[in-house]
Amino acid sequence: MTQGERVNEVRKKSQLTMDQFGERLGVTKTAISYVVNGKRNLTEQMLKSICREFSVDEEWLRTGDGDMPQKLSEEEEVSALVSDLLEDGRDNPFFGIILEIVQTYNELSPASQKVLQEASKKLVENLSKKKEG
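Calculation criteria
- Residues numbered from 1 in each chain as written.
- Predicted model: local features only at pLDDT ≥ 70, side-chain atom pairs only at ≥ 80, totals over all residues.
- Heavy atoms only, no water.
- Phe/Tyr/Trp six-rings, centres within 6.5 Å; stacked < 30°, edge-to-face > 60°.
- Helix = DSSP H or I, 4+ residues; strand = E, 2+ residues; numbered from the N terminus.
- Buried < 20%, exposed > 50% of the residue type's maximum accessible area, 1.4 Å probe, protein only.
- Salt bridge = Lys/Arg side-chain N within 4 Å of Asp/Glu carboxyl O.

Draft legend 1. Expanded view of the packing of aromatic side chains. Enumeration over the complete set of coordinates arrives at 1 aromatic pair. Ring centres of Phe21 and Phe54 lie 4.8 Å apart, and the angle between their planes is 20 degrees; on these two criteria the pair is classed as stacked. Pair noted here: Phe21 is in helix α2 (residues 18-25) and Phe54 is in helix α4 (residues 44-54), with a separation of 33 residues, a long-range link. Overall, the relative accessible area of 0% leaves Phe21 in the buried class. In this structure Phe54 comes out as buried when scored by relative accessible area, which is 13%.

Draft legend 2. The arrangement of the pattern of salt bridges in detail. Under the defined criterion, the tally for this structure stands at 6 salt bridges. With its nearest N and O atoms 3.9 Å apart, the salt bridge here joins Lys48 to Glu44. With Lys48 and Glu44 both in helix α4 and 4 residues apart, this pair spans about one turn of that helix. Given a relative accessible area of 43%, Glu44 falls into the partly exposed group.

Read these as layout, nothing more, since geometry by itself doesn't imply function.
Next up, the structure:
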């Protein structure tokens, strides 16, 4: 499989048109088409962008060795999820909820914020104990 075919596989797996895929990477549909059809090689910047945007393993995209999905730590997976929840604020119902939570927290007194932080820490501890047991 060529590098262009691997790029196309990422695009198809993401269920994006060439336009949409290019938009996510900050390039035109024509640039994507040239790469997919082997008329141009991937630039280093585009390769890194595809790996970052679509959680693709860099070695797989470069050479075909290994697996397509990038292995993420639990923290990276959660970070990606939060990022997805905050994207496209107008179209994303979670964005409004998260925004309200942050604004409400910001309006609390420092003492109230500390109580919430302590309660959250205790909740995480209890969940961890439950998970272990």
